[in-house]
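Given next are the chains, with one letter for each unit.
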Amino acid sequence: SQKIEQNSEALNIQEGKTATLTCNYTNYSPAYLQWYRQDPGRGPVFLLLIRENEKEKRKERLKVTFDTTLKQSLFHITASQPADSATYLCALPSSGGSYIPTFGRGTSLIVHP
Amino acid sequence: NAGVTQTPKFQVLKTGQSMTLQCAQDMNHNSMYWYRQDPGMGLRLIYYSASEGTTDKGEVPNGYNVSRLNKREFSLRLESAAPSQTSVYFCASSVLSGRGEGEQYFGPGTRLTVT
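Keep in mind that what you see is a predicted model, and the values were worked out from it rather than measured.

> Please clarify how the sheet that holds strand S3 (residues 19-25) of chain B should be interpreted in this entry.
Pairing between sheet strands relies on hydrogen bonds along the backbone, with the strands arranged either parallel or antiparallel. Residue and element names in this part refer to chain B. Strand order in the open sheet made by the 4 strands is S1-S3-S8-S7, with antiparallel pairing throughout. In this open sheet, the two edge strands, each paired with only one partner strand, are strand S1 (4-7) and strand S7 (64-68). On average, each strand axis in the sheet is inclined to that of its neighbour by 15°, with strand direction left out of account.

And the structure:
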């Protein structure tokens, strides 16, 4: 099964800076990778999906990259705002051909005004 | 659309008691899932249902049972609650593309404490 690593330490940044979060995986290369946002006391909310043949995907201030050689995805938030403070989870198929996602433990982002 | 709804929002049980967590979605999704989330452990899949009439075990199924009542509803039952089942439970649903991808829509969660 897939093993996913996300930095367990919170990322603290100043408002206006770019936040970069990392998701590393250790086993097979997934066909796609997803990013979710979770606010305290709420369920995760889907943000972006990137496929293995896509190097980069953007949505408003969000950018995701996918490097199958490094087995890594980077999640960027440009011009960060205090409202971006949340925990961000990455998710990958649990095994080859599976549609069942396995979630990373998430990284907490704190944007200071 | 209400999306994914869960009841109850909070519950306290004594060890050995039973209860059913309810989940419903109004997005006409085929697939539904139950997760638990514990501090430092992330989301772990308990059971899932690929379509109406089917259910399968996930990563941590012991101590739980599920019922896919119809396309909209997927319930999770704890027959004899244990303190180790203290957690936040999330229900989710998804519609799968032809590639097998599917963004998941989550409910607000049920916070369960077993004493």
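> Quick question: what am I supposed to make of the pattern of salt bridges here?
Two side chains that carry opposite charge are able to pair once their charged atoms sit near each other. In this structure the tally under the stated criterion is 8 salt bridges over all chains. As a salt-bridge pair, Asp39 of chain A and Arg37 of chain A come within 3.0 Å of each other at their nearest N and O atoms. The shortest N-O distance in the salt bridge between Arg36 of chain B and Asp38 of chain B comes to 2.9 Å. When sorted by exposure, Arg36 of chain B lands in the same class as Asp38 of chain B, which is buried.

> What is the right way to look at the nonpolar core in this model?
For soluble globular proteins, nonpolar side chains are generally found buried alongside one another. In terms of nonpolar packing, the biggest core is built from 22 residues, with Leu33, Trp35, Phe75 and Tyr88 of chain A touching the most fellow members. For this core, the secondary structure elements donating two or more residues are strand S3 (19-25), strand S4 (32-38), strand S5 (45-51), strand S7 (62-67), strand S8 (72-77), strand S9 (86-93) and strand S11 (107-112) of chain A. Dropping the residues within four chain positions of it, Phe75 of chain A is found in contact with Ala19, Thr20, Leu21, Trp35, Leu47, Leu62, Lys63, Val64 and Tyr88 of chain A. Residues Val60, Tyr64, Ala81 and Tyr89 of chain B belong to the second largest nonpolar core, which totals 20 residues.

> So what exactly am I meant to see when it comes to the interface of chain B and chain A here?
Reports often express the size of an interface as the amount of accessible area lost when the parts come together. If you look at the interface, chain B gives 23 residues, while chain A gives 17 residues. For the chain B and chain A pair, buried surface summed over both sides reaches about 1700 Å², with 56% attributable to carbon and sulfur atoms. For the pair chain B and chain A, the interface holds 0 salt bridges. The tally of links from chain B across to chain A stands at 4 residue pairs in polar contact (both at pLDDT 80 or more). Contributing elements (two or more residues each) for the side of chain B that touches chain A: strand S4 (31-38), strand S5 (42-49) and strand S10 (104-106) of chain B. Tallied by class, residues from the side of chain B that touches chain A come to 11 nonpolar, 8 polar and 4 charged.

> How should I be thinking about the pairing of strand S11 (residues 110-114) of chain B in this particular structure?
Residue and element names in this part refer to chain B. Covered by surrounding structure in S11 are Thr110, Leu112 and Val114 only, the residues Arg111 and Thr113 on the alternate face being uncovered. Bridge count for strand S2 (residues 10-13) against S11 is 4 bridges, and the pairing is parallel. Considered in S11, the bridge of Gln11 is made with Leu112. Two strands pair when backbone bridges link them, and strand S9 (residues 87-94) and S11 are joined in this way by 3 bridges, in the antiparallel orientation. Looking at S11, one finds that Ser87 is bridged to Leu112.

> Would you take a moment to explain the packing of aromatic side chains for this structure?
Here a ring pair, both rings aromatic, is described through the centre-centre distance and the interplanar angle of the planes. Within the structure shown, the criterion is met by 12 aromatic pairs over all chains. On the numbers, 6.0 Å between centres and 90° between planes, the contact of Tyr36 of chain A with Phe106 of chain B is edge-to-face. With one member in each of two chains, Tyr36 of chain A in strand S4 and Phe106 of chain B in strand S10 form a pair that bridges those chains. Looking at Tyr36 of chain A, the relative accessible area reads 0%, which means it is buried.

Calculation criteria
Residues numbered from 1 in each chain as written. Chains lettered and ligands numbered in written order. Predicted model: local features only at pLDDT ≥ 70, side-chain atom pairs only at ≥ 80, totals over all residues. Heavy atoms only, no water. Pairing = 2+ DSSP bridges. Helix = DSSP H or I, 4+ residues; strand = E, 2+ residues; numbered from the N terminus. Axes fitted to C-alpha atoms, helices over the stretch in contact; angles between N-to-C directions. Salt bridge = Lys/Arg side-chain N within 4 Å of Asp/Glu carboxyl O. Buried < 20%, exposed > 50% of the residue type's maximum accessible area, 1.4 Å probe, protein only. Core = buried A, V, L, I, M, F, W, Y, C linked by side-chain atoms within 4.5 Å. Contact = heavy atoms within 4.5 Å. Buried area = accessible area lost by both parts, 1.4 Å probe. Polar contact = N/O pair within 3.5 Å; in protein donor to acceptor, adjacent residues only side chain to side chain. Nonpolar A, V, L, I, M, F, W, Y, C, P; charged D, E, K, R; others polar. Phe/Tyr/Trp six-rings, centres within 6.5 Å; stacked < 30°, edge-to-face > 60°.

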